[in-house]
Amino acid sequence: MGRMATRRTFVILGADGDLAARLLLPGLGQLLMHDRRSRLTLMGVGRSALSDDEWRRRLRAAMRADEEDPLVASLEASAHYRQADATSRDDLQALFDDLPGPVAIYFALPPSVAHAACETLAGMDVPPGTVLALEKPFGTDLESAREFNALLARLPDGVRVVRVDHFLGKTTVLALTGLRFANHMFESVWHRDHIERVEVVFDESLALEGRAGYYDRAGALRDMIQSHLLQVLALIAMEPPESVGSEDMHRAMAEVLERTRVWGSDASEASRRARYTAGSVGSRVFPDYAAEDGVDPARETETLTEVTLQVNADRWHGVPFVLRSGKAIGRDREEISITLREPSALPRGFSGEVRRGLRIGMKPERIVLDVAVNRADDLLALRTVELASRSTEGRLGAYAEVLGGILDGDELLSVSGPMAEACWRIVTPILEAWAEDRVPLEEYPAGSRGPSSWPTTQHD
Ligand SMILES: O=P(O)(O)OC[C@H]1O[C@@H](O)[C@H](O)[C@@H](O)[C@@H]1O
């Protein structure tokens, strides 16, 4: 992404937490090594009492960057830590008073604390030019998302809010734009006449990873579908934007999300949910989800869900969009799959089953076109040939891309307020159907592919 004005101070609220150590700081290290951000200073803010030295040690460990590199060394040397409460007006005011110049503040905080911090900020004179970078969830349902947007709208003019979605920083996710719009071959088939079905699947072999405090309240629908996978759907289904600038892209994405609904008229028919029971994935042994540390067994949290959506646009009439995501699944499958229709006039006499379509891997990042051709050893039998990209592994990881955008003032890799609300509106009927117990909570053993009766589970 193009680099614009480099911001001077990057503040991480929740610097002593898990998100900062696992994702943000490694992303920052990568950005620094590749993009040489020389004018960056870093301030860590957290509730625990850390000395500057301790914070620098943590930075060094988490950034995974070359310590000998002069930029890394200078970032480390200038990094400071401050013990503060991100929801306290006095603490935040002291932060602004001490940091001259524009500041980008990243909220690496649990959702409720981030929300309370925004409430505090909304009543303060936040200096113009400040950037607030927020992580999902942007609300917990449609109503709270609207309230949250209204709260953010109360921030003073000149304060920018960036709703981060790191999936938009995945190379192959953004590559959907070039793929669709820069190739006549794909542009011309991107239509219900040629596309039969779209799947966006993010099945992970990972389970809770110590995040029960967050995940047990969220579940797979809120954690993955309502946020990341709907952004991916928007990129697949949107009409061509005027430009690939953030405003045009956000408008086109919000428009298509506005047109997206659950499939058919009954959300209970269009959604499934399940959670894992004891099992193992490779050498990792998982207990029953309900027995995991920090889980409230009374909550009916799903760890796997599959929903079918429709996009009410002429281009997509009748094409199901299946979004699925699960934890503790036996095999990672993290890809977009676009199934093409059978040709309309296939001459009689061919044999063999084939796949026709496009698969876009989110992890590993790769693009595969499945085409039907004749076999070499049986000339009238068809087989599938994979035309695959070499590794399209991004130069930067998703978090590094997202952080680069925040520091450069480019909002492309973020979610606008209308997009966030539209995503909640889409899942609302599903949440209601589940709350009314109209969709059973099924089970699958950890390490399996999900309940065996689910059709997508069978899909390869
Ligand atoms: O594969 P990535 O980029 O780590 O993203 C997946 C993760 O994305 C996060 O936003 C979800 O909260 C996690 O549950 C999920 O595992």
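What counts and how
- Residues numbered from 1 in each chain as written.
- Predicted model: local features only at pLDDT ≥ 70, side-chain atom pairs only at ≥ 80, totals over all residues.
- Heavy atoms only, no water.
- Helix = DSSP H or I, 4+ residues; strand = E, 2+ residues; numbered from the N terminus.
- Rg over C-alpha atoms; globule rule 2.2 N^0.38 Å.
- Buried < 20%, exposed > 50% of the residue type's maximum accessible area, 1.4 Å probe, protein only.
- Contact = heavy atoms within 4.5 Å.
- Areas by Shrake-Rupley, 256 points an atom, 1.4 Å probe, with all protein chains shown as cover.
- Lys, Arg positive; Asp, Glu negative; His and termini not counted.
- Charge placed at Lys NZ, Arg CZ, Asp CG, Glu CD.
- UniProt positions renumbered as here; feature names shortened; annotations may be inferred.
- Core = buried A, V, L, I, M, F, W, Y, C linked by side-chain atoms within 4.5 Å.
- Domains from an automatic or database assignment.

## Thoughts on the overall build of the protein chain
A count of helical and extended segments in the protein chain gives 13 helices and 19 strands. The globule rule puts the C-alpha radius of gyration for 460 residues at 23 Å, and the 23 Å found for the protein chain is close to it. Here the protein chain holds 460 residues, and 53% of them are scored as buried. The long-range fraction of contacts in the protein chain, counting pairs at least 24 apart against all pairs at least 6 apart in sequence, stands at 78%. As presented, the protein chain carries roughly 20100 Å² of accessible surface, and 49% of it is formed by carbon and sulfur atoms. Averaging the positions of the 54 positive and the 71 negative side-chain charges in the protein chain gives two centres separated by 3 Å.

## Comments concerning the UniProt feature "domain: Glucose-6-phosphate dehydrogenase NAD-binding" (unreviewed entry) in the protein chain
According to UniProt, the positions carrying the feature "domain: Glucose-6-phosphate dehydrogenase NAD-binding" (unreviewed entry) are residues 11–173. Helix makes up 47% of residues 11–173 and strand 17%. Its end C-alpha atoms lie 28 Å apart.

## Topic: the nonpolar core
One finds Phe-107 and Phe-321 to be the most contacted residues of the largest nonpolar core, which totals 129 residues. The residue makeup of this core includes at least three contributed by each of domain 1 (8–164) and domain 2 (171–350 + 416–445). Not counting residues within four places of it along the chain, the set of residues in contact with Phe-321 comprises Val-198, Leu-233, Ile-236, Ala-237, Val-307, Thr-308, Leu-309, Val-311 and Trp-316. In terms of nonpolar packing, the next biggest core, distinct from the first, is built from 19 residues, Ala-207, Tyr-214, Val-281 and Tyr-289 among them.

## Topic: the environment of Val-415
Tracing the sequence through the fold places Val-415 in strand 18 (residues 414–415). Residue class for Val-415 comes out buried when judged on its relative accessible area of 2%. In this structure the C-alpha to C-alpha distance between Val-415 and Val-162, which are 253 residues apart in sequence, comes to 7.3 Å. Among all residues touching Val-415, those that are not within four sequence positions of it are Phe-138, Arg-163, Asp-165, Leu-168, Gln-231 and Ala-420.

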